[in-house]
Amino acid sequence: QVQLVESGGGLVQPGGSLRLSCAASRFALNDYAIGWFRQAPGQEREGVLCIDSAGGTTYYTELAKGRFTVSRDNAKNTLYLQMNSLKPQDTAVYYCVARLYLCSRRYADFVSWGQGTQVTVSS
């Protein structure tokens, strides 16, 4: 019913950039808060940031500030995560998740999610 598809991951060198996409179907993206979480092998899922339906951004980790930004293209019903100055510590599977209007720091509060896209930062 509510579907999200992540794309744009890949292999980059430290200091490089990637832009991840989160495409939505069967709902209007601008009515939802969209969060980004990531999970590395053997580690707990970590919140990165979230943009609410009004466009406000919440950073869940200080590690993302100054390097990661989000934008929304309502015409394409797609949200983008621009990641700059990537570090090996950013290596993980990245997931976008959705809930109505407001962001939450709890992954369980989000009602829709995608399959994830792999980001690998290595020289």
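Residues numbered from 1 in each chain as written. Predicted model: local features only at pLDDT ≥ 70, side-chain atom pairs only at ≥ 80, totals over all residues. Heavy atoms only, no water.

### Describing the state of the cysteines
Heads up, the rule is: Count a disulfide wherever a pair of cysteine sulfur atoms falls within 2.5 Å. By definition, any uninterrupted DSSP run of H or I lasting at least four residues is a helix, any uninterrupted run of E lasting at least two residues is a strand, and each is numbered from the N terminus. Think of it in three bands: with a 1.4 Å probe and only protein chains considered, a residue is buried below 20% of the maximum accessible area for its type, exposed above 50%, and partly exposed in between.
According to the stated counting rule, one finds two disulfides in the structure shown. Disulfide pairing places Cys-22 opposite Cys-96 at an S-S distance of 2.1 Å. Where Cys-22 bonds to Cys-96 through sulfur, the torsion about that S-S bond is close to 80°, and the disulfide is right-handed. Here Cys-96 lies in strand E9 (residues 92–100) and Cys-22 lies in strand E3 (residues 18–25), a separation of 74 residues in the sequence. Under the relative-accessibility criterion, Cys-22 is labelled buried at 0%. The class of Cys-96 is buried, set by a relative accessible area of 0%.

### Considering the sheet that holds strand E1 (residues 3–7)
Counted only if it meets this: Note on pairing: two strands pair once DSSP finds at least 2 bridges between them. Each axis is a line fitted through C-alpha atoms, and for a helix only the stretch in contact is used; angles between axes span 0 to 180 degrees, taken between their N-to-C directions.
Pairing in this open sheet of four strands is antiparallel, and the strands run E1-E3-E8-E7 from one edge to the other. Each edge of the open sheet carries a strand with a single partner, namely E1 and strand E7 (68–73). Between one strand axis and the next, the sheet turns by 20° as a mean value, whatever way the strands run. Inspection of the sheet shows E1 paired to E3 by five bridges, in the antiparallel sense. For Ser-7, the partnering residue across the bridge sits in E3 and is Ser-21.

### Remarks on the pairing of E7
Where E7 meets strand E8 (residues 78–83), six bridges bridge the pair, whose relative direction is antiparallel. By the bridge assignment for E8, Ser-71 is matched with Tyr-80. Hairpin connection of E7 to E8: four residues between the antiparallel strands, including Asn-77 at a positive phi of 55°.

### Structural notes on a nonpolar patch on the surface
Where we set the bar: Note that patches include only residues with greater than 30% relative accessible area and no salt bridge, and the join distances are 9 Å for like charges and 5 Å for nonpolar side chains (Val, Leu, Ile, Met, Phe, Trp, Tyr). Accessibility throughout is a Shrake-Rupley quantity obtained with a 1.4 Å probe, and a residue counts as covered only by protein chains that appear here. A carboxyl oxygen of Asp or Glu within 4 Å of a side-chain nitrogen of Lys or Arg is what we treat as a salt bridge.
On the surface, Leu-100, Tyr-101 and Leu-102 cluster together into a nonpolar patch covering about 320 Å² of accessible area. With respect to the secondary-structure elements, Tyr-101 resides in the loop between E9 and strand E10 (112–113). The exposure class assigned to Tyr-101 is partly exposed, which follows from its relative accessible area of 47%.

### A closer look at the side chain of Arg-38
Short version of the rule: Polar contact is defined as a pair of N or O atoms within 3.5 Å, subject to the rule that within protein one atom must be able to donate a hydrogen and the other to accept it, and that residues adjacent in sequence are counted only when both atoms are side-chain atoms. Contacts between residues were defined by any pair of non-hydrogen atoms, one from each residue, lying within 4.5 Å.
Of note, Arg-38 is situated in strand E4 (residues 32–39). Side chain to side chain, Arg-38 and Asp-90 meet in a polar contact 2.9 Å long. Within the structure, Arg-38 has its side chain in polar contact with the side chain of Tyr-94 (distance 2.8 Å). Apart from the residues lying within four places of it in its own chain, the contact partners of Arg-38 are Glu-44, Arg-45, Glu-46, Val-48, Leu-63, Phe-68, Gln-89, Asp-90, Ala-92, Val-93 and Tyr-94.

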